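# Coordinate inspection notes
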Amino acid sequence: MSLPDATEALIRRLPKVELHLHIEGTLEPEMVFEKAAKHGVSLAYPSIEALRAAYDFRDLQSFLDIYYAGCDVLRDEQDFYDLCWAYLERAHADNVVHVEIFFDPQTHTARGIPYATVHQGLRRALADGRERLGISSAMILCFLRHLSEEDAFRTLDEAKPFVTDLAGVGLDSGERGNPPSKFERVFAAARALGLAAVAHAGEEGPAAYIREALDRLQVVRIDHGVRCDEDPALVKELAARRMPLTVCPLSNVKLCVYQRMEDHNLARLLAEGVCVTVNSDDPAYFGGYIGDNYRAIAQALPLGAPDLMALARNAVEAAWLPAERKAQLIAEIDRAR
Ligand code: ADE
Ligand code: ZN
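Since the model is a prediction, treat every value here as computed from it, not as a measurement.

Looking now at the overall build of the protein chain. Within the protein chain, the regular secondary structure consists of 17 helices and eight strands. A globule of 337 residues ought to have a C-alpha radius of gyration of about 20 Å, and the protein chain, at 19 Å, matches this closely. Its C-alpha atoms give the protein chain principal-axis dimensions of about 50 × 40 × 40 Å. The 337 residues of the protein chain split such that 58% are buried. Considering only contacts within the protein chain whose residues lie at least 6 apart along the sequence, 77% involve residues at least 24 apart. Carbon and sulfur atoms make up 51% of the accessible area of the protein chain, which amounts to about 12900 Å² in all. In the protein chain, which carries 37 positive and 51 negative side-chain charges, the distance between the mean positions of the two groups comes to 3 Å.

Quick look at the structure:
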């Protein structure tokens, strides 16, 4: 079944802001093979098709195992540049005008890649994205929550010479058993450096982790957050505070948070006044980029054109952008009708 032409056209036209995008999750199988050949890395899969066929996940951890393994082919600054540039070109085709990317330095420093190599490759691509594609951007350093507080502190230290390039810190990787409170002191140190805080919470973990991220990490957005509806008082509070949720619909279905897109609570949360935004998370692994996420929810959920526009406006509201640029983007969204 395809979307009505008018909906398809609206989704194409909408200026998009992406706030939940792991740059390592944009590593397409084609680039895995290209970089493996470049560095003489042998892969566990014989072909691009065989690798793609392995993207059949039971849960978050079964995805993370493949995702971290794929990163092994990223070794020098040009690899990080190429990864990020390829994403920006795809995003541009989806009419993305602003992106705040997550990156996972510990995935690379643990393999002996210097922090600076990762940071400089990404920074150079984002600068080219601004100049050549008109995409504004921000960098969010994510701590891997399955690792220790000490490891996170070491990573924050490594990032200090580059801190003026960073907009914020985030928290990702396996949620269960790794509550936000484990990183309370690291986040306090990051905030003291002037960084904003966000955290994955309520993806696979309970609603209580959302509350912890708000109270103990003082986050300004919740990444995913869909399990908030296990706590109706929390949903009311999120709506009253206009606390943004960076929701990733295709990711949630691929990782079995919901069995079918029709079961997703995005439309209900939006109707309850929560500042829901649409994002792609790890698009190379989950079957689509941000435009595909809009298409999938428009197809499966009771969302009309005003709702799709509200989702796009919410992302502008939730972005770390100056007020004038926000006003300009809101006006562009209103004209996309
Ligand atoms: N790292 C990359 N994608 C992630 C996700 N959806 N949840 C937690 N950690 C991640
Ligand atoms: Zn994520």
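Moving on: the side chain of His20. Mapped onto the elements of the fold, His20 is located in strand β1 (residues 16-22). Apart from residues lying up to four places away in sequence, His20 is in contact with Phe102, His200, Asp223, His224, Thr246, Cys248, Asn279, Ser280 and Asp281.

According to the stated counting rule, one finds zero disulfides in the structure shown. Unpaired in this structure, Cys71 has its nearest cysteine sulfur neighbour in Cys142, at a distance of 13 Å. Its relative accessible area of 0% is what places Cys71 among the buried residues. Just so you know, Cys84 is unpaired, no disulfide at all, and the nearest cysteine sulfur is the one on Cys71, 13 Å from it. Residue classification places Cys84 among the buried residues on the basis of a relative accessible area of 0%.

Before going further, it helps to examine the coordination of the zinc ion (ligand 2). Protein-derived ligands of the zinc ion (ligand 2) are His20 (NE2), His22 (NE2), His200 (NE2) and Asp281 (OD), with the metal-ligand distances lying across 2.0 to 2.2 Å. Here the donor residues for the zinc ion (ligand 2) map to a single chain with the spacing H-x1-H-x177-H-x80-D. When sorted by exposure, His20 lands in the same class as His22, which is buried.

As a volume, the largest pocket reaches approximately 190 Å³. For the largest pocket, the lining is made up of 13 residues, of which Leu43, Ala44, Tyr45, Ala69 and Gly70 are closest to its centre. Broken down by element, the residue count for the lining of the largest pocket peaks at three residues, all from helix α4 (residues 60-70). When grouped by side-chain class, the residues that make up the lining of the largest pocket number 10 nonpolar, two polar and one charged.

Rules used in this analysis
Residues numbered from 1 in each chain as written. Chains lettered and ligands numbered in written order. Predicted model: local features only at pLDDT ≥ 70, side-chain atom pairs only at ≥ 80, totals over all residues. Heavy atoms only, no water. Helix = DSSP H or I, 4+ residues; strand = E, 2+ residues; numbered from the N terminus. Rg over C-alpha atoms; globule rule 2.2 N^0.38 Å. Buried < 20%, exposed > 50% of the residue type's maximum accessible area, 1.4 Å probe, protein only. Contact = heavy atoms within 4.5 Å. Areas by Shrake-Rupley, 256 points an atom, 1.4 Å probe, with all protein chains shown as cover. Lys, Arg positive; Asp, Glu negative; His and termini not counted. Charge placed at Lys NZ, Arg CZ, Asp CG, Glu CD. Disulfide = S-S within 2.5 Å. Donors = N, O, S within 2.8 Å, 3.2 Å for Na, K, Ca; no water. 1 Å grid on protein atoms, 1.4 Å probe; cavity = no way out; pocket = protein on both sides within 12 Å on 5 of 7 lines; lining within 4 Å. Points joined across faces, edges and corners; volume = space filled by probe spheres on them. Nonpolar A, V, L, I, M, F, W, Y, C, P; charged D, E, K, R; others polar.

Note that all results are geometric; they support no functional claim without further evidence.
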